[in-house]
Amino acid sequence: MPTSFIITLLVLFLGVSLKTSKALVPFACDPNDGTKRNLPFCQAKLPIQTRVNDLIGRMALQEKVGLLVNKAAAVPRLGIKGYEWWSEALHGVSNVGPGTKFGGSFPVATSFPQVITTAASFNATLWEAIGQVVSDEARAMFNGGVAGLTYWSPNVNIFRDPRWGRGQETPGEDPVVAGKYAASYVRGLQGNDGNRLKVAACCKHFTAYDLDNWNGVDRFHFNAKVSKQDMVDTFDVPFRMCVKEGKVASVMCSYNQVNGIPTCADPNLLKKTVRGTSFQTVTRSEFIMGSNTILQPQKKQPRMQLKQASLDLNCGPFLGQHTEDAVKKGLLNEAEINNALLNTLTVQMRLGMFDGEPSSQPYGNLGPDDVCSPAHQELALEAARQGIVLLKNHGPSLPLSTRRHHSVAIIGPNSNATVTMIGNYAGVACGYTTPLQGIERYSKIIYQQGCADVACISDQQFGVAIDAARQADATILVMGLDQSIEAEFRDRTGLLLPGRQQELVSKVAAASKGPTVLVLMSGGPIDVSFAENDPKIGGIVWAGYPGQAGGAAISDVVYGITNPGGKLPMTWYPQDYITNLPMTNMAMRSSKSYPGRTYRFYKGKVVYPFGHGISYTNFAHTIASAPTMLSVPLDGHRHGSGNATISGKAIRVTHARCSRLSLGLQVDVKNIGSMDGTHTLLVYSRPPAGHWAPHKQLVAFEKVRVAAGTQQRVGINIHVCKFLSVVDRFGIRRIPMGEHSLHIGDVMHSVSLQPSILGVINS
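About the criteria used
Residues numbered from 1 in each chain as written. Predicted model: local features only at pLDDT ≥ 70, side-chain atom pairs only at ≥ 80, totals over all residues. Heavy atoms only, no water. Helix = DSSP H or I, 4+ residues; strand = E, 2+ residues; numbered from the N terminus. Rg over C-alpha atoms; globule rule 2.2 N^0.38 Å. Buried < 20%, exposed > 50% of the residue type's maximum accessible area, 1.4 Å probe, protein only. Contact = heavy atoms within 4.5 Å. Areas by Shrake-Rupley, 256 points an atom, 1.4 Å probe, with all protein chains shown as cover. Arc of directions from axis to C-beta. Pairing = 2+ DSSP bridges. Axes fitted to C-alpha atoms, helices over the stretch in contact; angles between N-to-C directions. Disulfide = S-S within 2.5 Å. Polar contact = N/O pair within 3.5 Å; in protein donor to acceptor, adjacent residues only side chain to side chain. Phe/Tyr/Trp six-rings, centres within 6.5 Å; stacked < 30°, edge-to-face > 60°. Salt bridge = Lys/Arg side-chain N within 4 Å of Asp/Glu carboxyl O. Domains from an automatic or database assignment. Buried area = accessible area lost by both parts, 1.4 Å probe. Lys, Arg positive; Asp, Glu negative; His and termini not counted.

Chemist: Run through the overall build of the protein, naming residues and quoting values.
Modeler: Counting its regular elements, the protein contains 21 helices and 29 strands. Here the protein has a C-alpha radius of gyration of 27 Å; the compact-globule value for 763 residues is 27 Å, and the two agree. Looking at the 763 residues of the protein, the share that counts as buried comes to 63%. Across the protein, contacts joining residues at least 24 apart in sequence account for 78% of those joining residues at least 6 apart. For the protein, the exposed area adds up to about 27,400 Å²; of that, 50% sits on carbon and sulfur atoms.

Quick look at the structure:
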């Protein structure tokens, strides 16, 4: 990153408290147990594989089977306690999942903005910093005996359909952004101490999962029909980056079927893709976990999950109930159980769970003072500030002035929101600053809710809300959604504001004496075309679900303490986009009767495009240096067959020498306005490769802070094989030869890719 605006915050998080909670009894290898502590699997100096093999060799079949489920049984004979694998840390340590218990010395934890909001920052440094804080708090809670060390986060599915209730949990619709988020957050969670894990992360849900309950179709019975092209080009990308770049400890398979096969029972997806050549990495120790709800229909076939599909851990009791019987009937070999345990026990040993006394290990000094610390809460506030997106600023109406706007009417069902701000898969927040509390730091408040809740079925409170707007110098409406509208198991039925919210907004804006600002809380996009086109509504701000400090961040943006720099990580479609568009159609690419999905393939009308977001200042881009031609070296030892190395002027990625093949740009970003600001630099490519390629795709993004009237130079390196490649109809990734158009704001640069053949290629 070319600037250091986040570095000052990071320095604050390096210190740790020396105060800890009461000592935690070791999970295994208790140094006070003389009969166990000298066993080979307890010797931290031995190679982990040696220790794991020793442990597996000492266990009876029944003991092994007890470790195949999330509520893993104790093995008292070997001094091993029971363990609950299921904890969550989507955007802070969560109380979802039985592995974490809030209370006692740990009543709360820092609750960061929901992932979709954090993604809008387009700041990979921030994403990793959040992961570091979350893992600090997770380790502290583990040391206190109230949490585990295995966290089933992040969710890196593609936000393909705007109605998906869990889209809020994801980094958005772009596979590269989702993959970069996955790798960054996982690195923050798992740490960088070689083979040792701080906590174990889990990228979920593999794959093609983005429907929960729509029009009578639920995720447990949905068969996602996905082409090879879309699988490789879109759905696999975040998981590949999570495994290869983030080195995630585990992957969770999804609830649905893909092309007629449950993902948790599909050897092509799990064994060949995740563990095979597609995602292969130098160091492999991740395990694959599946839900009981997926395995239930396969009751007579634990062999399918453990042997054929390479599943290691079951969230639920199924494998614990049926595996021993399957072995006795000859349906399953004990060796297949050993293979599963090899993966899960390796992760536990990497976590230090077999190294004896936790307090003497790395991170053993973390305790209650390291949860909800001032530095952690400051980062939660900063994350919310960076994720807020300014969608409209007519006039400009924003920022508001404390000198001109002495009184402000605060109206709307989310005006005094608390738990709404933290979205789903959250924990118990350190505390809340509501929008109402945030705004009243700057102006006198006239508060009227307007609607009883986000459903807004009655206009009973409209009159007093309109009167408040008539009296105040400015009006802020805090509207939008909450978990009653979009959530797990709850997909949306439409894209408009719920109930009579739109009516309230329009009537209040018409009556407002001063400028009217609309603030939206939501995970998914909302069709607010009416507000975009209403001249009485001067500003529109999307806050997503901004976390525990959301109200402070919103007010800082509205009053110009923070210059907004967020960009939308998903397209905002009009309501008519979803007319006659079933969520069950998984195709990404458009056709004559099908609009296509996401900015990469949809070319129709939008309310706001992916990447939209404005600032209180203006930035200009100039390309200082960039090549106009780049040679792509081919491996002369490769030989083409049915799908040639060079096909339609596109080179197979596997036939190019990719390791150091990158395109370097130097871009000057000048702040030509009057306010310091942080700019998100988005670099798109328009490839030359026919109608099966995206019409454009994001290939790089950078965050840069630029003072008013100054200029910063940003270096960008684009990995050619990863980001300038496209996927053909056969699912083969290729690099198109010819002119690639790079777009940065309103600046365009063309670079020609040409093959450079080393040796002889037969094709």
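Next comes the rest of the write-up.
Chemist: Which residues make up helix α12 (residues 318-328), and what values go with them?
Modeler: Regarding α12, the residues found buried are Phe318, Leu319, Thr323, Ala326 and Val327. For α12, the angular spread of buried residues about the axis comes to 110°, placing them on one side. In α12, the exposed residues that point more than 90 degrees away from the buried face are Gln321 and Lys328. Positive phi shows up at Gly330, right after α12, with a value of about 80°.

Chemist: Provide a residue-level description of the sheet that holds strand β13 (residues 407-411), including the pertinent values.
Modeler: The strand order β12-β17-β16-β15-β13-β14 describes an open sheet built from six strands, whose pairing is mixed. In this open sheet, the two edge strands, each paired with only one partner strand, are β12 (389-393) and β14 (444-448). The mean angle between the axes of side-by-side strands here comes to 20°, regardless of whether they run parallel or antiparallel. Here four bridges tie β13 to strand β15 (residues 474-480), and the two strands are oriented parallel to one another. By the bridge assignment for β15, Ile410 is matched with Ile476. Relative to the sheet, helix α16 (residues 462-471) contacts β13, β14 and β15, its axis offset from that of β13 by approximately 160°. Contacts from helix α17 (residues 501-511) reach β13, β15, β16 (516-521) and β17 (537-542), with the element oriented near 175° to β15.

Chemist: Give me the lowdown on the environment of Val747, citing residues and values where you can.
Modeler: When you line up the elements, Val747 lands in strand β29 (residues 747-757). Note: C-alpha distance between Val747 and Ile439 (308 residues apart in sequence) is 38 Å. Not counting residues within four places of it along the chain, the set of residues in contact with Val747 comprises His621, Ile623 and Leu742.

Chemist: Can you break down the sheet that holds strand β22 (residues 662-671) residue by residue, with the values?
Modeler: Pairing in this open sheet of three strands is antiparallel, and the strands run β18-β22-β25 from one edge to the other. Whereas interior strands pair on both sides, the edge strands pair on one side only; in this sheet they are β18 (619-625) and β25 (711-719). Averaged over neighbouring strand pairs, the angle between their axes works out to 30° when direction is ignored. Both β22 and β25 contribute to a ladder of nine bridges, which runs antiparallel. Bridge pairing in β25 places Leu663 opposite Ile718.

Chemist: Can you explain helix α7 (residues 228-235)? Please cite residues and give values.
Modeler: Where burial is concerned, most of α7 is hidden: seven out of the eight residues are buried. Along α7, the residues that are buried comprise Gln229, Asp230, Met231, Val232, Asp233, Thr234 and Phe235. Looking at the packing, one finds that the buried side of α7 touches α6 (175-190), α8 (237-244), β8 (257-258), α20 (598-601), β26 (726-727) and β27 (733-736).

Chemist: Report on the state of the cysteines, specifying residues and quantitative values.
Modeler: Taken as a whole and judged by the stated rule, the model has six disulfides. Between Cys253 and Cys264 runs a disulfide, and the two sulfur atoms are separated by 2.1 Å. Between Cys253 and Cys264, the disulfide has an S-S torsion of 105° and is therefore right-handed. In this pair, Cys253 sits in strand β7 (residues 250-253) while Cys264 sits in the loop between β9 (261-262) and α9 (267-274), placing the two residues 11 residues apart along the sequence. One exposure class covers both Cys253 and Cys264, and it is buried. Put simply, Cys372 and Cys430 are joined by a disulfide, and their sulfur atoms are 1.9 Å apart. One quick way to see it: the torsion about the S-S bond of Cys372 and Cys430 is about -90°, and its sign makes the bridge left-handed. Of this pair, Cys372 sits in the loop between α13 (334-350) and α14 (374-387) while Cys430 sits in the loop between β13 and α15 (435-439), and the two are 58 residues apart along the sequence. By relative accessible area, Cys372 is classed as buried at 13%.

Chemist: How would you explain the side chain of Arg163 if you had to name every residue and give the values?
Modeler: Structurally, Arg163 can be placed in the loop between α5 (124-143) and α6. Within the structure, Arg163 has its side chain in polar contact with the side chain of Asp161 (distance 2.8 Å). Sequence-distant contacts of Arg163, defined by excluding residues within four places in its chain, comprise Trp214, Asp491, Arg492, Leu495, Ile578, Leu581, Pro582, Met583 and Arg597.

Chemist: Describe the packing of aromatic side chains, and please don't skip the residues or the numbers.
Modeler: Enumeration over the complete set of coordinates arrives at 22 aromatic pairs. Look at Tyr442 and Tyr559: their rings are 4.7 Å apart centre to centre, the planes differ by 25°, and that puts the pair in the stacked class. Taken as a pair, Tyr442 in the loop between α15 and β14 and Tyr559 in the loop between α19 (550-558) and α20 lie far apart in primary sequence, 117 residues in all. The exposure class assigned to Tyr442 is partly exposed, which follows from its relative accessible area of 22%.

Chemist: Describe the pattern of salt bridges, listing the residues and the values that go with them.
Modeler: Under the definition given, this model contains 34 salt bridges. Between Arg219 and Glu488 there is a salt bridge whose closest N-O contact spans 2.9 Å. With a gap of 269 residues between them, Arg219 in the loop between β5 (217-218) and β6 (223-224) and Glu488 in the loop between β15 and α17 connect regions that are remote in the sequence. On the accessibility criterion, Glu488 (17% relative accessible area) is buried. Here Asp668 makes a salt bridge to Arg713, at a shortest N to O gap of 2.7 Å. Linking Asp668 in strand β22 with Arg713 in strand β25, this pair joins segments that are 45 residues apart in sequence. Owing to a relative accessible area of 9%, Asp668 belongs among the buried residues under this scheme. The class of Arg713 is partly exposed, set by a relative accessible area of 49%. Each of Arg166, Glu169, Asp212, Arg219 and Glu488 takes part in a single network of salt bridges with overlapping partners.

Chemist: Hey, could you go over the domain arrangement of the protein for me, with residue numbers and the actual values?
Modeler: On domain assignment, one finds that the protein holds domain 1 (84-316 + 350-370), domain 2 (378-578) and domain 3 (619-757). On the domain 3 side, the residues contacting the 14 residues of domain 1 number 15 residues. Of the roughly 1,200 Å² buried between domain 1 and domain 3 on both sides combined, carbon and sulfur atoms contribute 62%. Where domain 1 touches domain 3, the interface holds one salt bridge.

Chemist: Can you lay out the side chain of Glu137 for me, pointing to particular residues and giving the numbers?
Modeler: Inspection of the secondary structure puts Glu137 in helix α5. For the buried Glu137, no salt bridge is present, and the opposite-charge side chain at shortest range is Lys198, 10 Å distant. A distance of 2.6 Å separates a polar atom in the side chain of Glu137 from a polar atom in the side chain of Thr110. Engagement of the side chain of Glu137 in a polar contact is seen with the backbone nitrogen of Cys372, the distance being 2.9 Å. Those residues in contact with Glu137 that sit more than four places away from it in its chain are Val93, Ala109, Thr110, Asp370, Val371, Cys372 and His376.

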